[in-house]
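Structural characterization, general
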Amino acid sequence: MANMQNNEMVIVGGGIIGLLSAIHLQRAGLTVTIIQDQQFPASYGNAGHIAIEQVMPLANRENALTGYKRLFCMGGALDIGWQYPHKWLPWFANYLKASFSEKQVNEGKESIKSLLNHSVASWERLVNLINQPDLLMIDGHYVIYHDKDKGEHGCNDWQNADIGTASVHSMDKQTLERISQQLSTQPVNGLCFEKTGQIKNVSTLLEVCKNHFIEHGGIFKYEHITSIQPDNGQTKIIFGNNIAISYQNVLICAGARSGELLKKMGEYFPVIAERGYHIEWEHDGSYDLPPLVFEDHSFIVTRFENRLRLASFVEFTKFSAKPDKRKWEKLEGYANKFGFSRKSEFKRWVGSRPTLPDYRPVIGKSKKNPGLFFAFGHQHLGLTLAAITGEIITDLVTGKQPSVSISAFRPDRF
């Protein structure tokens, strides 16, 4: 076991990565404390999709060259906090470097693919561990198009893409008709993905995991952390009330704040707040589709039991920037345009994905600070890769060889 004083581990961040890492560490015999900075981490707002088909990293040549076509000002889902150039310019420079490096793109693809290949099995182990197997649904998902040209192009791209262990086939007329019966519009074509999945209810998952963690002796604290600093071979955490406590072993799962918090530890991670928005509402009970991606409109709708969640947008900005209400208004416009059943008002949410320029997470142990571990930067794949990340971190902490190579996620690559 890796220098565990009294077998204790402190985890900074209580989102899905932190929670599942805590559960696995706890099962391995460690005493674990989670410190969560806010009541609702970004994990609460994701689309619930187990996206094992997303093999190609978003840092690639084609995305870099065509990104301007997807800008919000041109009707797309990509936006930049132009008033904060010190936040996005350095990140964007590194993104371009990664996107135009064939070596980095290939390394990113193969490493992400390796994790994705283990994703579903690791999730199955997790939901069985917490005695909630029904929370994981491996029923596939749909991608639809309302524009004929975009649909033909999109279908061709997906059917020729590497999608790992997932599979895809053209949508038949019966399925298109079934979808159109639950919308006010008629899709022109679409795709059916198999072996992908979703979480039945993300809020329920997080609550169940938290309760399981606490019931098995874990400590969960809501505390604001202002700084993390080295302290004679330990990690000192300074809280908002100016109380400072040093710990022997710390795992950083603080999402988009991770880079900022780690600066005084001498650790450099160019992580940016890549914000997403969603709206959620109660439906009338008739909607029964799997996750539904409107690819030519860049949003996804997921059913969480009696509620629907419509999510979209990629907004590179300052972590603490005010939400852009125009994005919620656009999502609400989509919900009305496509005629989703609704029996409640819209509930709005915004949160930050932790994204690194090469679109790979950081998973590993510090070479500078003993007892300091990292698991953050999972961008759009945080939920998808949470269970396998928790298993890998537990192997690292307990001195075992992880079942998956993590050299491409090494902390010192920047």
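Please read all numbers here as calculations on a predicted model, not as lab measurements.

Rules and cut-offs
- Residues numbered from 1 in each chain as written.
- Predicted model: local features only at pLDDT ≥ 70, side-chain atom pairs only at ≥ 80, totals over all residues.
- Heavy atoms only, no water.
- Helix = DSSP H or I, 4+ residues; strand = E, 2+ residues; numbered from the N terminus.
- Rg over C-alpha atoms; globule rule 2.2 N^0.38 Å.
- Buried < 20%, exposed > 50% of the residue type's maximum accessible area, 1.4 Å probe, protein only.
- Contact = heavy atoms within 4.5 Å.
- Lys, Arg positive; Asp, Glu negative; His and termini not counted.
- Charge placed at Lys NZ, Arg CZ, Asp CG, Glu CD.
- Axes fitted to C-alpha atoms, helices over the stretch in contact; angles between N-to-C directions.
- Parallel < 35°, antiparallel > 145°, perpendicular 65-115°, else oblique.
- Left-handed = near helix turned anticlockwise from the far one by under 90°.
- Nonpolar A, V, L, I, M, F, W, Y, C, P; charged D, E, K, R; others polar.
- Pairing = 2+ DSSP bridges.

Okay, the overall build of the chain next. When its secondary structure is counted, the chain shows ten helices and 21 strands. By the compact-globule yardstick of 22 Å for 414 residues, the chain fits well, its C-alpha radius of gyration being 21 Å. Referenced to the eigenvectors of the C-alpha coordinate spread, the extents of the chain come out at roughly 65 × 45 × 40 Å. Counting every position in the chain, which comprises 414 residues, the buried fraction comes to 58%. Summarising the internal contacts of the chain: among those between residues at least 6 apart in sequence, 76% fall at separations of at least 24. If you average the places of the 45 positive and of the 42 negative side-chain charges in the chain, the two averages end up 6 Å apart.

Between helix H1 (residues 16–27) and helix H10 (residues 382–397), whose axes approach to 8 Å, the crossing angle comes to 40 degrees. Accordingly, the angle class assigned to the pair H1 and H10 is oblique. Handedness of the crossing formed by H1 with H10: right-handed. Along the contact surface, H1 presents Ile16, Ile17, Leu20, Ser21, His24 and Leu25, while H10 presents Gly382, Leu383, Ala386, Ala387, Thr389, Gly390, Glu391, Ile393, Thr394 and Val397. Here the residues of the contact of H1 with H10 sort into nine nonpolar, six polar and one charged.

What follows deals with the sheet that holds strand E21 (residues 372–376). Each strand in a sheet pairs with its neighbour through backbone hydrogen bonds, running either in the same direction (parallel) or in the opposite one (antiparallel). Overall, mixed pairing links the six strands, which are arranged E10-E2-E1-E14-E21-E20 in an open sheet. At either margin of the open sheet sits one strand with a lone partner, and together these are strand E10 (219–222) and strand E20 (362–365). The average undirected angle you get between the axes of adjacent strands in this sheet is 20 degrees. In this structure, E20 lies alongside E21, joined through four bridges in antiparallel fashion. Following the sheet pairing, glycine 364 is matched in E21 by phenylalanine 374. Against the sheet, helix H7 (residues 202–215) contacts strand E2 (31–36) and E10, and its axis sits at roughly 125 degrees relative to E10.

Between H1 and H7, the least distance of the axes is 10 Å, while the angle of their chain directions is 35 degrees. For the element pair H1 and H7, the recorded crossing hand is left-handed. Across from Ile16, Leu19, Leu20, Ala22, Ile23 and Gln26 in H1, the residues of H7 making contact are Leu205, Leu206, Cys209, Lys210, His212 and Phe213.

So, about the environment of valine 301. Relative to the assigned elements, valine 301 resides in strand E17 (residues 299–304). Look at valine 301 and you get buried, because its relative accessible area is 0%. For the pair valine 301 and leucine 261, spaced 40 residues apart in the sequence, the C-alpha separation amounts to 34 Å. Those residues in contact with valine 301, other than ones at most four positions away along the chain, are Tyr287, Pro290, Pro291, Leu292, Phe294, Leu308, Arg309, Leu310 and Phe340.

Worth remembering: the numbers are spatial, not functional.
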